[in-house]
Amino acid sequence: LRYLADFYRISLNKGREVISVEEELDLLKNYMKIQKIRFGEDVSIHYEADEDALQCRTIKLILQPLVENSIMHGFRKKTQECCISIEIRERENGVFLEVMDNGEGMEEEQLEVLQMELSRIREKPMEKITDTVHIGIRNVVQRLHLEYGEAFRFRITSNAGYGTRIEMTIPKESISEGQYV
């Protein structure tokens with residue numbers, strides 16, 4: 001119950017959209033604990049983060065939907081060990097966040113369709129997301145674009161049978177200063 005309370009405390013946080021990367025990571029960790037209790041999910045997750053990157057700002061709920069996609073879609077037919085890796089690094093050009101899984105991955109055609117949908121978000125960022133295909137990824141990209149404009153990077157690679165990797169770079173912004181660095 002504590003994990004659920006912590007998850008909601010951060011995610012609802014009085015409507016505050018911007019949080020520290022550390023709070024975003026805590027939110028994800030609580031989500032994973034809830035999943036384990038709720039479904040007995042046999043997913044191993046590895047976290048690797050730079051301390052300096054954790055003190056930067058981000059919009060909330062950008063990692064959790066991507067990890068949820070891994071669990072819901074990437075691992076739905078998987079019979080071997082299900083692994084997710086989260087990497088957070090401070091880089092000269094921003095904060096690098098990566099979500100990688102060893103799930104089903106996507107066929108090349110699926111990936112191309114998704115990348116076209118993501119390009120459309122950059123062209124028309126205010127367009128409402130209505131269909132249910134790729135809604136988690138599309139929602140994250142749309143919110144990142146609305147917050148950071150062209151200052152963020154998002155890349156997705158996937159190989160059918162081997163997994164998916166999502167890489168994001170957001171502007172480095174100190175949580176204490178509220179300014180881009």
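Here's what I pulled together on the structure shown here. Sequence positions are assigned chain by chain, starting from 1 and proceeding in written order. Where totals are concerned, whole chains, interfaces and linings use all residues; where local detail is concerned, this predicted model gives features only for residues with pLDDT of at least 70, and gives and counts side-chain atom pairs only at 80 or more. Each side-chain value is worked out from all heavy atoms of the structure, with water and hydrogens disregarded.

Here we come to helix α5 (residues 108-123). Each helix is a run of DSSP H or I of at least 4 residues and each strand a run of E of at least 2, with the numbering of both proceeding from the N terminus. One less than the number of residues in a helix, times 1.5 Å, gives the span that helix is expected to have. In a regular helix each residue adds 1.5 Å, so 16 residues correspond to 22 Å; α5 covers 23 Å between its end C-alpha atoms and thus fits that length. Note on definitions: a residue-residue contact is assigned when non-hydrogen atoms from the two residues lie within 4.5 Å. Tucked into the core, α5 has its buried residues touching α6 (135-148) and β6 (153-159).

Opposite charge on two side chains makes pairing possible when the charged atoms of those side chains draw close. The rule for a salt bridge is simple: a side-chain nitrogen of Lys or Arg has to be within 4 Å of a carboxyl oxygen of Asp or Glu. Scanning all chains against the criterion turns up 12 salt bridges. Its salt-bridge partner being R76, residue E104 comes within 3.8 Å of it at the nearest N-O pair. Placement of E104 in the loop between β5 (94-101) and α5 and of R76 in the loop between α4 (64-74) and β4 (82-91) is noted, with a sequence separation of 28 residues between them. Partly exposed residues are those whose accessible area sits between 20% and 50% of the maximum for their type, while under 20% is buried and over 50% is exposed, using a 1.4 Å probe and protein chains only. Residue E104 is classed as partly exposed on the basis of its relative accessible area of 22%. One salt bridge connects E98 with R165, and the closest N-O pair in it is separated by 3.5 Å. Highlighted residues: E98 in strand β5 and R165 in strand β7 (residues 163-170), separated in sequence by 67 residues. Overall, E98 belongs to the buried group, its relative accessible area being 4%. The class of R165 is partly exposed, set by a relative accessible area of 32%.

Time to look at the packing of α5 against α6. Only C-alpha atoms enter the line fits that serve as axes; for helices the fit covers just the stretch in contact. Angles between N-to-C directions range over 0 to 180 degrees. In the contact formed by α5 and α6, the axes pass within 9 Å of each other and the chain directions differ by 25°. By the criterion of interaxial angle, the relationship of α5 to α6 is roughly parallel. At the point where α5 passes α6, the crossing takes the right-handed sense. On α6, the residues that touch L114, E117, L118, R120, I121 and R122 of α5 are I137, R138, V141, Q142 and H145. In what follows, roughly perpendicular refers to angles from 65 to 115 degrees, roughly parallel to angles under 35, roughly antiparallel to angles over 145, and oblique to any angle outside these ranges. Crossing handedness: left-handed means the near helix sits turned counterclockwise from the far one by under a right angle, and right-handed means the same turn made clockwise.

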